[in-house]
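Chain residues, written in single-letter form:
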Amino acid sequence: VVPKDWEIGVYAWRVQSQAGESKEAFLNRPEPWWVQGDAGAVASPGGWLRAFGKCFAFEGTTPKVVLRDGQAKRELALVGDDTGPYALKASIPADLAEGNYEVRIHNGLGGELGWSKGIDLEVRRRTPWPDALFNVVDFGAVGNDGQDDTEALRRALEAAGKAGGGVVYFPRGR
């Protein structure tokens, strides 16, 4: 039990067995469980990342988020108002090079020992979404006629697939 008169902080503790084996752990050190980028499993330059875990912030502290690539590290700006003990969001600089990074979080306590273990994040440019438009009406669909338009929809989807993607557009209708 941490004594009540101690200030909030990151505390290291060690348990040693009679055989001399030792286990060390930390209390109140940030512990990210996973990160998510603006492109799902990856983040993109100019995008964002969200981290989820515990001990990210305490009352009166401001967390820091850094991306490490080998020895180089880059601090990220926090965004949004949902930064708290269990989640945070940070922006990825638009000029950040593509590559694999390690995300580390600090909650403002514990000095150098207060940095979380790293969690991997890939940063890569987003592939632009194809802008070709495939209107289902152009493939024979007729809205509001009560008929089955399955074949017209299938043809529109196949055309989009052959073109490498795009938007299959459904105008108003039933």
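Look a little higher up for the structure.
Note that the structure is predicted; figures quoted are calculated from it, not measured.

S.K.: Honestly, unusual backbone geometry in this entry has me stumped. Any pointers?
M.R.: The bulk of non-glycine residues show a negative phi, and the bulk of peptide bonds are trans. Residues other than glycine seldom take positive phi values, yet Asn28 does so here, at roughly 75°. Mapped onto the elements, Asn28 comes out in the loop between strand E2 (22–27) and strand E3 (31–37). Judged by relative accessible area, Asn28 falls into the buried class, the value being 16%. Positive phi is not limited to glycine here, since Asn144 has a value of about 65°.

S.K.: Just to check I follow, could you spell out the nonpolar core for this structure?
M.R.: Nonpolar side chains in soluble globular proteins generally cluster together in the buried interior. By size, the foremost hydrophobic cluster in this structure holds 18 residues, and its most contacted members are Leu49, Leu67, Ile92, Val103 and Leu121. Taken together, the elements giving at least two residues each to this core come down to strand E5 (48–54), strand E6 (64–69), strand E8 (87–91), strand E9 (99–106) and strand E10 (119–123). With near-sequence residues (within four places) excluded, Leu121 lies in contact with Val35, Ala41, Ala43, Leu49, Leu67, Gly99, Asn100, Tyr101 and Val103. In terms of nonpolar packing, the next biggest core, distinct from the first, is built from 7 residues, Phe134, Ala152, Ala160 and Val168 among them.

S.K.: Explain the pairing of E2 here, please?
M.R.: Consecutive side chains along a regular strand alternate between the two faces of the sheet. Here strand E1 (residues 11–16) pairs with E2 via 6 bridges, running antiparallel. Note on E2: the bridge partner recorded for Val15 is Lys23.

S.K.: Explain the sheet that holds E3 to me, please; I cannot follow it from the model alone.
M.R.: Note: strands within a sheet are paired through backbone hydrogen bonds, in either parallel or antiparallel orientation. With antiparallel pairing, 3 strands are arranged side by side in an open sheet as E3-E5-E8. The open sheet has two free edges, formed respectively by E3 and E8, since each of these has just one partner strand. Mean inter-strand twist for the sheet, computed between neighbouring axes without regard to direction, equals 25°. Of the strand pairs in this sheet, E5 and E8 are connected by 5 bridges, and their pairing is antiparallel. Considered in E8, the bridge of Arg50 is made with Lys89.

S.K.: Just to check I follow, could you spell out the side chain of Thr61 for this structure?
M.R.: Secondary-structure assignment places Thr61 in the loop between E5 and E6. Once you skip the residues sitting within four places of it in the chain, Thr61 turns out to touch Asn107 and Leu109.

Calculation criteria
Residues numbered from 1 in each chain as written. Predicted model: local features only at pLDDT ≥ 70, side-chain atom pairs only at ≥ 80, totals over all residues. Heavy atoms only, no water. Helix = DSSP H or I, 4+ residues; strand = E, 2+ residues; numbered from the N terminus. Buried < 20%, exposed > 50% of the residue type's maximum accessible area, 1.4 Å probe, protein only. Core = buried A, V, L, I, M, F, W, Y, C linked by side-chain atoms within 4.5 Å. Contact = heavy atoms within 4.5 Å. Pairing = 2+ DSSP bridges. Axes fitted to C-alpha atoms, helices over the stretch in contact; angles between N-to-C directions.

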